[in-house]
Amino acid sequence: MDLMNRFVNFFGGSCGKINQDSRSGAIYYVVQKLSDLTENIIPFFDKHPLIGVKVKDFEDFKQVAELMKSNAHLTKEGLEKIREIRLNMNSLRK
Amino acid sequence: MELVFSIRLHIKDLAALKSIQAFFSGIGKIYIHEKVGEATFRVSSVKELELIVNHFDKYPLITQKWSDFMLFKQALGLIKCKKHLTLDGLQEIVNIKASMNLEISSPDFPNTVPVIRPSVPKINSSIDPFWMAGFVAGDGCFSVHLKKSPSSKLGETA
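No experiment lies behind these values; they were computed from the predicted model shown.

Peer 1: Could you clarify how one ought to interpret the overall build of chain B in this entry?
Peer 2: Each helix and strand in chain B was counted, giving five helices and five strands. Moving toward the C terminus, one meets the helices and strands of chain B in the order β-α-β-β-α-α-α-α-β-β. Here the C-alpha radius of gyration of chain B, 21 Å, is well above what a compact globule of 158 residues would show, namely 15 Å. Evaluated residue by residue, chain B yields a buried proportion of 13% over its 158 residues. The contacts in chain B between residues at least 6 apart in sequence include a share of 41% that link residues at least 24 apart.

Peer 1: Where do I start with the pairing of strand S3 (residues 38-43) of chain B in this structure?
Peer 2: Each regular strand displays side chains that alternate between the two surfaces of the sheet. Residues and elements named next belong to chain B. As defined by bridge partners, strand S1 (residues 5-10) adjoins S3 across six bridges and the pair is classed as antiparallel. Each bridged residue has a counterpart across the sheet, and for Arg8 the counterpart in S3 is Thr40. Bridge count for strand S2 (residues 29-33) against S3 is five bridges, and the pairing is antiparallel. Note on S3: the bridge partner recorded for His33 is Glu38.

Peer 1: Would you explain unusual backbone geometry in this entry?
Peer 2: Backbone geometry follows two general trends: most residues other than glycine have a negative phi, and most peptide bonds adopt the trans configuration. One non-glycine residue, Asn71 of chain A, lies in positive phi territory at about 60 degrees. Positionally, Asn71 of chain A belongs in the loop between helix H3 (54-69) and helix H4 (76-86). You will see that Asn101 of chain B, though not glycine, has its phi angle at about 45 degrees, which is positive. Its 11 C-beta neighbours within 10 Å are what place Asn101 of chain B among the exposed residues.

Peer 1: Looking at this structure, I do not really get the sheet that holds S2 of chain B. What am I missing?
Peer 2: Sheet strands pair via backbone hydrogen bonds, and the direction of the pair is either parallel or antiparallel. All names here are of chain B. Ordered by their spatial adjacency, three strands build an open sheet running S1-S3-S2, and the pairing between neighbours is antiparallel. One side of each edge strand has no neighbouring strand; the edge strands of this open sheet are S1 and S2. Neighbour-to-neighbour, the strand axes of this sheet turn through a mean angle of 20 degrees, independent of strand direction. Running over the sheet, helix H1 (residues 14-23) touches S1, S2 and S3 and is turned about 10 degrees from S3.

Peer 1: Whenever I open this one, the confidence of the model for chain B confuses me. Can you help?
Peer 2: Regions with low pLDDT should not have their predicted coordinates read in detail. All names here are of chain B. Across chain B, the average pLDDT comes to 92, with 100% of residues at 70 or higher. Strand S5 (residues 156-157) is the least confidently modelled element of chain B, averaging 73 in pLDDT, while S3 averages 98, the highest of any element. Of the two predicted TM-score estimates for the complex, the pTM is 0.86 and the ipTM is 0.90.

Peer 1: Even after reading the chapter, I still don't get the interface of chain B and chain A, so can you show me in this structure?
Peer 2: Quite often, the size of an interface is put as the accessible area lost when its parts meet. Listed by partner, the interface residues are 23 residues for chain B and 26 residues for chain A. Elements with a minimum of two residues in the side of chain B that touches chain A: helix H5 (129-139) and S5 of chain B. The dominant element in the side of chain B that touches chain A, judged by the number of residues it contributes, is H5 of chain B, at six residues. In terms of residue class, the side of chain B that touches chain A is made up of 15 nonpolar, five polar and three charged.

Rules of the game
- Residues numbered from 1 in each chain as written.
- Chains lettered and ligands numbered in written order.
- Predicted model: local features only at pLDDT ≥ 70, side-chain atom pairs only at ≥ 80, totals over all residues.
- Helix = DSSP H or I, 4+ residues; strand = E, 2+ residues; numbered from the N terminus.
- Rg over C-alpha atoms; globule rule 2.2 N^0.38 Å.
- Buried ≥ 20, exposed ≤ 12 C-beta atoms within 10 Å, placed from the backbone.
- Contact = placed C-beta atoms within 7 Å.
- Pairing = 2+ DSSP bridges.
- Axes fitted to C-alpha atoms, helices over the stretch in contact; angles between N-to-C directions.
- pLDDT = per-residue confidence, 0-100.
- Nonpolar A, V, L, I, M, F, W, Y, C, P; charged D, E, K, R; others polar.

Here's what the structure looks like:
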């Protein structure tokens, strides 16, 4: 829990929040706000790259964030593109 | 009795596992478990485990795994001086094991008294950015959620 609070501080103090799953006892640090993602989280991992397959997930994630930043997710085509990217991310990646 | 240090990854990340093995100057072995899609880097010889322990002494862990590491080191110390070959020594190691990871007690050792789990020291220095990148590569997730949105023309939003 202490560590999770340090995560919030690490990313500037007002970025993201900590959620707790009372059933499993797991703690999540979650950042969902688009501006927090594009101004804090994404630049951080551009500067400090991940190693392994997760790099690809990060690149896809970044692409979706950029689409959302330009409001593309409000158009049918944009949303379709995001759906396509999403279907080949993380455990769905072929 | 055997002590094991291991890292298990999805088989897609075999290359990362190989570079970890190279980082530790080629010690241990990598086992590929094709059926379940996993690859495991495993170190179990006492001599090679010393290299692992030296590394984490120099670069301390900062989560609960620090406590597991301290217990692991205690057990390694007992094995190094052959204590595990005596019944008392063996029980001592079982007592350590009982406090490690997700351990549940073994019916084979009814006299087990779990040792006290050392608590992770409080660190005041700020988190190292490369630690953050490594931690997220291991335990983090970048995901895209689509949800129903009645207010949007499309009825759905990202």
